[in-house]
Amino acid sequence: MSASQEQIDNLIQKEYKPGFVTDLEADTLPPGLNEDVIRAISARKNEPPFMLAWRLKAYQQWLTMREPDWAYLDYQAIDYNSISYYSAPKVKEAPKSLNEVDPKLIETYKKLGIPLHEQERLAGVAVDAVFDSVSVATTFKDKLKEAGVIFCSFSEAVHTHPELIQQYLGSVVPPSDNFFAALNAAVFSDGSFVFIPKGVRCPMELSTYFRINAANTGQFERTLIIAEENTHVSYLEGCTAPMRDENQLHAAVVELIALDHAEIKYSTVQNWYPGDEEGRGGIYNFVTKRGDCRGHHAKISWTQVETGSAITWKYPSCILRGDHSIGEFYSVAVSNHRQQADTGTKMIHVGKNTKSTIISKGISAGRAENTYRGQVKILPGAINARNYTQCDSLLIGPKCGAHTFPYIEVKEPTARLEHEATTAKISEDQLFFCQQRGLSAEDAVSMIVNGFCKQVFKELPMEFAVEAQALLGISLEGSVG
Amino acid sequence: MDSVEHYQAFFKTGEGQLFPWLEALRAPARERFVAQGFPNPLEEGWRYTPLRSLERVRFTPAEAMSGVPSEPVDLELLKEAYSVVFVDGHYVAAASCLEGLPEEVQLKPLSLALRTPGEDLQGLFEDTAAAASCHRLEDFNTALFSDGLCLDIQPNYRLEKPIVVLHLTQQAQGLNTLQHRLRLAKGAQAHLIEVFIGPNDHPSLTTSMTYAVMDENASLRHVRLQREGKASHHFSGLRLKLKRSARYQGHLASLGALWSRTEIHAQLGSSAECELEGLLLASGRQHQDVETRLDHGGTHASSRQNFRGIANERGRGVFTGRIVVDPGAEKTDAGMSIRNLLLSGDAEIDAKPQLEIHADDVKCSHGVTVGQLDEEAVFTLQSRGIGEQEARHMLTFAFANELIERIDHEGARASVRDAFKATLPGSDLGSEL
């Protein structure tokens, strides 16, 4: 293509912007995993006994489980004993207000573009920021409290609302669910907790920012969102990590619970460090996300833009238990250089008149492998269940791979299901047409790719949509030429 | 005694002296099967198709030809064709008709060929011997096969008359294992029609593997009609190697058997064309499984797959279709469509269409639908004075008939259509269809 070599080189050399390290004193546990480590984590967080018991049980289950190997991923075996399971920025006492938060931390979030200070707020997004293992600050608490919404770090919720935690924790993703969920249950350090009481429409978008900073640590956070009857909440999640040569493990669990007429919209822009062109370093991202539509007319919508991580293993799912409930999954997964992504969704139809939509867009460039893996299961009795699935893959360059592995199981004769998948590349004609009208090759590719992803981007909240488009551009830089 | 031990007793050994190449093929298959037994549902390829019912019965191979076929066979189909008849896994010369075969065509049952001195069969077997078999049911077949068809067609010879291969099962608890080997030289053409027929009243197991190597520009049309008995188990596999510009057109109708699995694996060279069409009917307690895997290894190759499944009563239809595009296989054009009718609350459809793509300048797609008969169409027919039951039958038949219509051999088309009509549950349609 016509872009000069120099231009392309410039683009390739563009760095992963959030790849800096913040020099902070941290309280880090030595590497290794055993019951004592779990006890230490629980003690550091001053948890009630039920939490410790729950963690230990999960650990015992984890010991009996095998790491899953069915995904289309190729990575070096993870040594679970070389990881440090807890790292927290050192503070003498818990910060009472934002003024007491370490200025270096605030600086970090500023660099990442998250305005922690309420004065610098961006369109009223309440942020809970998780730095390595602990939540450092939650903004807009008062305003949310007024509406009755509980939005705080997980460790805070364990103390302030133990009854809710006991009732809902692990009810969607039990520790026994899979290897990584069990590991997370045993060692998770923090995360976000959201509770929307009956009849409340959350007045602002809630957001969590995850940041891995310390070396040789793993990050294990857990998010729990409970939306009671007649509620609405939109939740955003973003993540970054420094550039390092070694791989770091991130194993998170997200549980969503939607009761009658509740709607949860969960959006993720995942931009963990993807490793360099040769595949050195990068985050191993093994995430279990599941939503449970327990009530009738409940709706859970997952939107994800996956641009980061060396390895992505992630299947946000919906259990459509309530009659008339709706599950949605919109995904853009981009992999470049040597990234590998195996991601998709599960839609399990149990209730009557349940509906699900899956739109998945995979983009593969460089030497990357991008896989859609999904399951649509319609159980007997899910009368008039309806599913529509569309998986499109775009290949950029002859050395990448794009794969589609859907599983379709239908046991209900009134169900209707459609699935389609296509794979194609950006055609020379399209490119030529754009260039003829004065666009550079890079711009043309970017425009075509954005068009390809539009169906998903339009589901994202405004600020995120802008960020996602920019990210997509950066992720694919150097892939055309 | 477990099932593996039971079958071990029937393994073919002692061929090593006369046919070392055959022993070289069988020995590793034997070992793998003994070590690992039948596939189990924990394995990805068998997740929807358990072999429990197959393992429960101890099937026994018929020692030798037991006689001529007791039931009359599809005479219409045999007209104007060469025919090869296997009864209980053994070739029956009296029922077959190979008269007038041109010298360019070598067509012989394996049992006969092995007894003919100077016959060079090794060539037919070696091309696939190197490729490791993909699972233990295939190994089972290789360890046990007693007979089969050897077909070798000289370059540029076009065999117009079809070859009809009948597989009949008569013995109770019988085990039929056959392996067919086909080779079509450059530019050769053939038309093969395979029919599997069995009795309804007792279980039997038929496994049949077909290996076909098609050289440049060769062309094969292939119809397979499976209407085994209601208690039988059926496994048939096809392994195709399509070289440059070779063309394969396959039609499958899987209508019979209690448990059935049909596999079609093809390797496509440059500019090869592969067209697969298939119809599945699972009613009663039938389990119908079709698995395809197309490996696009060369540039400009194209493949089309078009399957339809009907699951009724307690039937279960399973589809797995994998399209693999190797690095460098640019300009591949691969499409797959799977459409299903799910007609009862106890029936089930499972589909696993897969794309695995390692080249960028390709066009690949797959589509799956699962649904019911269009209620408005049922109503329209009712409003024209047709009873509801009959209307549903007509629409179900029409759904299947769209594929049946595409079989170009008239006799084969009629056989498939008749078999489908006879198998469609509660079918008492008048002759107007």
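Quantities reported herein were computed from a predicted structural model and do not represent experimental measurements.

1. Some thoughts on the overall build of chain B
- The helix and strand inventory of chain B stands at 10 helices and 20 strands.
- The C-alpha atoms of chain B give 21 Å as radius of gyration, which agrees with the globular expectation for 433 residues (22 Å, within 12%).
- Dimensions of chain B along its principal axes, counting C-alpha atoms only, are 70 × 55 × 50 Å.
- Within chain B, contacts between residues at least 6 apart in sequence are counted, and of these 83% link residues at least 24 apart.

2. With respect to the pairing of strand 16 (residues 317–320) of chain A
Residue and element names in this part refer to chain A.
- Alternating positions in strand 16 separate into two faces, S317 and I319 on one and C318 and L320 on the other, with burial throughout.
- Pairing analysis gives 4 bridges linking strand 16 to strand 19 (residues 346–349), with the strands arranged parallel. Each bridged residue has a counterpart across the sheet, and for L320 the counterpart in strand 19 is H349.

3. Let's talk about the environment of L101 of chain B
All names here are of chain B.
- Relative to the helices and strands, L101 resides in the loop between strand 3 (90–91) and strand 4 (105–109).
- Its 15 C-beta neighbours within 10 Å are what place L101 among the partly exposed residues.
- Separated by 58 residues in sequence, L101 and L159 have C-alpha atoms that sit 9.2 Å apart.

4. Quick word on the domain arrangement of chain B
Residues and elements named next belong to chain B.
- If you check the domain split of chain B, you get domain 1 (3–268) and domain 2 (374–433).
- One C-alpha centre belongs to domain 1, the other to domain 2; they are set 31 Å apart.
- Counting residues at the interface gives 14 residues for domain 1, matched by 10 residues for domain 2.
- Per-class residue counts for the side of domain 1 that touches domain 2 are 7 nonpolar, 3 polar and 4 charged.

5. Comments concerning the interface of chain A and chain B
- With 30 residues of chain A at the contact, the number on the chain B side is 30 residues.
- Sorting the residues of the side of chain A that touches chain B by element identifies strand 22 (386–396), strand 23 (401–410) and strand 24 (416–425) of chain A as the ones contributing at least two each.
- Counted by class, the side of chain A that touches chain B contains 16 nonpolar, 8 polar and 6 charged residues.
- Pairing analysis gives 6 bridges linking strand 23 of chain A to strand 19 (residues 348–357) of chain B, with the strands arranged antiparallel.

6. As for the confidence of the model for chain A
- In this model, chain A carries an average pLDDT of 81, and 80% of its residues clear a pLDDT of 70 or more.
- When the criterion is pLDDT under 50, residues 1–5 of chain A qualifies, and its contacts beyond four places in sequence or with other chains add up to 10 contacts.

7. Some thoughts on the packing of helix 3 (residues 49–64) of chain A against helix 8 (residues 179–187) of chain A
All names here are of chain A.
- Direction vectors running N to C along helix 3 and helix 8 enclose 145°, while the axes themselves pass 7 Å from each other. For the pair helix 3 and helix 8, the crossing hand works out as left-handed. Along its contact with helix 3, which presents R55, A58, Y59, Q61 and W62, the element helix 8 presents F179, A182, L183, A185 and A186.
- Per-class residue counts for the contact of helix 3 with helix 8 are 8 nonpolar, 1 polar and 1 charged.

8. Quick look at helix 8 of chain A
- By the criterion of burial, helix 8 of chain A is predominantly enclosed, with 8 of the 9 residues buried.
- The inward-facing, buried residues of helix 8 of chain A abut helix 2 (35–44), helix 3, strand 8 (222–227), strand 11 (253–258) and strand 13 (282–293) of chain A.

Procedures and definitions
Residues numbered from 1 in each chain as written. Chains lettered and ligands numbered in written order. Predicted model: local features only at pLDDT ≥ 70, side-chain atom pairs only at ≥ 80, totals over all residues. Helix = DSSP H or I, 4+ residues; strand = E, 2+ residues; numbered from the N terminus. Rg over C-alpha atoms; globule rule 2.2 N^0.38 Å. Contact = placed C-beta atoms within 7 Å. Buried ≥ 20, exposed ≤ 12 C-beta atoms within 10 Å, placed from the backbone. Pairing = 2+ DSSP bridges. Domains from an automatic or database assignment. Nonpolar A, V, L, I, M, F, W, Y, C, P; charged D, E, K, R; others polar. pLDDT = per-residue confidence, 0-100. Axes fitted to C-alpha atoms, helices over the stretch in contact; angles between N-to-C directions. Left-handed = near helix turned anticlockwise from the far one by under 90°.

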